[in-house]
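# Working through the structure, step by step
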Amino acid sequence: MSLVENVSIPTNPPLAGLATGPATQDGVTEVKLSLVMLPLAEPISDAKVLTGRQKPLTEVAMLFAEISSREGHQGVGFSYSKRAGGRGMFAHAREVADALLGEDPNDIARLWDKLIWAGASVGRSGLATQAIAAMDNALWDMKAKRAGLPLAKLLGARRDAVRTYNTSGGFLSTPLEKLLENCTASVQNGIGGIKIKVGQPDPMIDLKRLEAVRNHLGPDVPLMVDANQQWDRPTAQRVGRVLEQLNLVWIEEPLDAYDVEGHAMLAAQLDTPIASGEMLTSVAEHRALIEHNAVDFIQPDAGRVGGITQFLKIAAAAEQKYLKMAPHFAMEIHIHLAAAYAHEAWVEHFDWLDPLFNERLETSGGNMVVPNRPGLGFTISEQARAWTVESAIIRK
């Protein structure tokens, strides 16, 4: 007898009263990918450079995706990589992009699954998610433009401006005098907080720089520090206790990004909030931080975790734990996501990407203003086109 004889497998009938056909007849007709190498004005160093783990940062690889649809809608998104991996991201995106062709661009969640499984042999995090993030972000840009809304409002914005802090002026490679000048300029330009890099081999050097910054800014300007995974647990405990007197908004990445247990220990022991998450590239990795009470501020990066689709999953989990949020880098995307977050949020101000776009974000009174342009609200500049080193057009 056949094993399947007389076996009936039930199917789920459509719900009564609901349409079963496609909501639109739209479909993706073209995906244009561009790899842009953005040069920095001067080499940048943080703690990982001082310990020999990495070389100074001299350029940022930007992966742009421009998606067009049958009905004439367009979306633009990007992701990025620092120091290495840019060409790998571009190659992976080029291999899987044809999975979008002919598909309804509104079905973003389903298309994310299709993209990640198209390249699942190399994993569902890391370079794979960073490669498809540019396309996912472009689909969200298209959807918001179709609605005639800024992305923040499409997501249900809770605020029209988000507290902002500056990082780009506070690297370890910046001499103290210049560092203080940068702090002054940031505050004068309407930026609310200042983040200073720490992680010198001698922590006393960090403390002296921080004391100088606090004295220069006064007690009322929000101040954060970022150790870039430099310390071990005992060092983080000792330095963290000393830093309590500076009334910091947070201590960022005091330990290895994957040391969930260590971050949870510090979060329980120190009064100063702990922040981390920027180096993680999946929802599951962020969920570990959230579920183990390892951070007070969660710091996901839409360009690293696979785009806005995955970022929203992290935000939902963080919201349930009443965590604060400070997305990493890419303010052009994160201003919208921070504006829609339920609890306290900050957005990181970096002017590095300014040459790539025709538009600028406004800062005033310590906040970054949510742009009122539809979608993400940016267009690619001619300078970005000139810095393009690879491109590909995938058409149906």
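What counts, and where the lines are drawn
Residues numbered from 1 in each chain as written. Predicted model: local features only at pLDDT ≥ 70, side-chain atom pairs only at ≥ 80, totals over all residues. Heavy atoms only, no water. Helix = DSSP H or I, 4+ residues; strand = E, 2+ residues; numbered from the N terminus. Polar contact = N/O pair within 3.5 Å; in protein donor to acceptor, adjacent residues only side chain to side chain. Contact = heavy atoms within 4.5 Å. Pairing = 2+ DSSP bridges. Axes fitted to C-alpha atoms, helices over the stretch in contact; angles between N-to-C directions. Parallel < 35°, antiparallel > 145°, perpendicular 65-115°, else oblique. Nonpolar A, V, L, I, M, F, W, Y, C, P; charged D, E, K, R; others polar. Buried < 20%, exposed > 50% of the residue type's maximum accessible area, 1.4 Å probe, protein only. Arc of directions from axis to C-beta. Salt bridge = Lys/Arg side-chain N within 4 Å of Asp/Glu carboxyl O. Core = buried A, V, L, I, M, F, W, Y, C linked by side-chain atoms within 4.5 Å.

This part takes up the side chain of Thr 272. Tracing the chain through its elements places Thr 272 in the loop between α9 (260–269) and β8 (274–276). Side chain to side chain, Thr 272 and Glu 244 meet in a polar contact 2.6 Å long. Apart from the residues within four sequence positions on either side, Thr 272 is in contact with Glu 244, Leu 248, Trp 250, Ile 251 and Asp 296.

Taken together, four strands build an open sheet; the order of strands is β3-β2-β1-β14 and the sheet is antiparallel. The open sheet has two edge strands with one neighbour each: β3 (74–82) and β14 (388–395). Pairwise comparison of adjacent strand axes, ignoring direction, gives a mean angle of 15° for this sheet. One ladder, built from twelve bridges, connects strand β1 (residues 28–44) with strand β2 (residues 57–69); its direction is antiparallel. Of the residues in β2, the one forming a bridge with Glu 30 is Ser 68. The sheet strands contacting helix α4 (residues 127–147) are β1, β2 and β3, and the helix crosses β3 at an angle near 150°.

Attention now goes to the packing of α4 against helix α12 (residues 308–320). Viewed as axis vectors pointing N to C, α4 and α12 meet at an angle of 85°, and their least axial separation amounts to 8 Å. Considering the angle they form, α4 stands roughly perpendicular to α12. Of α12, the residues touching α4 (which contributes Asp 136, Asn 137 and Trp 140) are Ile 308, Thr 309 and Leu 312. Grouping the constituent residues of the contact of α4 with α12 by class yields three nonpolar, two polar and one charged.

On to helix α3 (residues 108–118), then. Within α3 the residues assigned to the buried category are Ile 108, Leu 111, Trp 112, Leu 115 and Ile 116. The arc enclosing the buried residues of α3, seen along the axis, measures out at 135°, which places them on a common side. Pointing more than 90 degrees away from the buried face of α3 are the exposed residues Ala 109 and Trp 117. At its buried positions, α3 is contacted by α2 (86–96), α4, α11 (302–305) and α12.

This paragraph deals with the pattern of salt bridges. Within this structure, the stated rule accounts for 19 salt bridges. We note a salt bridge from Glu 71 to Arg 146, for which the minimum N-O separation is 3.2 Å. One end of the pair, Glu 71, is in the loop between β2 and β3; the other, Arg 146, is in helix α4, and 75 residues separate them in sequence. A salt bridge links Asp 354 to Arg 360; the nearest nitrogen and oxygen atoms lie 3.9 Å apart. Because the salt bridges share partners, they merge into one network encompassing Lys 195, Lys 197, Asp 226, Glu 252 and Glu 348.

Mapped onto the elements of the fold, Gln 230 is located in the loop between β6 (223–226) and α8 (233–243). For Gln 230, a relative accessible area of 18% corresponds to the buried category.

Turning next to the nonpolar core. Among the nonpolar cores identified, the biggest contains 91 residues, and Met 62, Met 135 and Trp 352 are the most heavily contacted of them. No other element matches α4, which puts ten residues into this core. The contacts of Trp 352, once residues within four sequence positions are left out, are Leu 38, Leu 40, Ile 44, Leu 57, Val 60, Lys 82, Ser 168, Phe 171 and Phe 329. In this structure, Leu 179, Ile 194, Ala 227 and Ala 267 belong to the second largest nonpolar core, which totals 26 residues.

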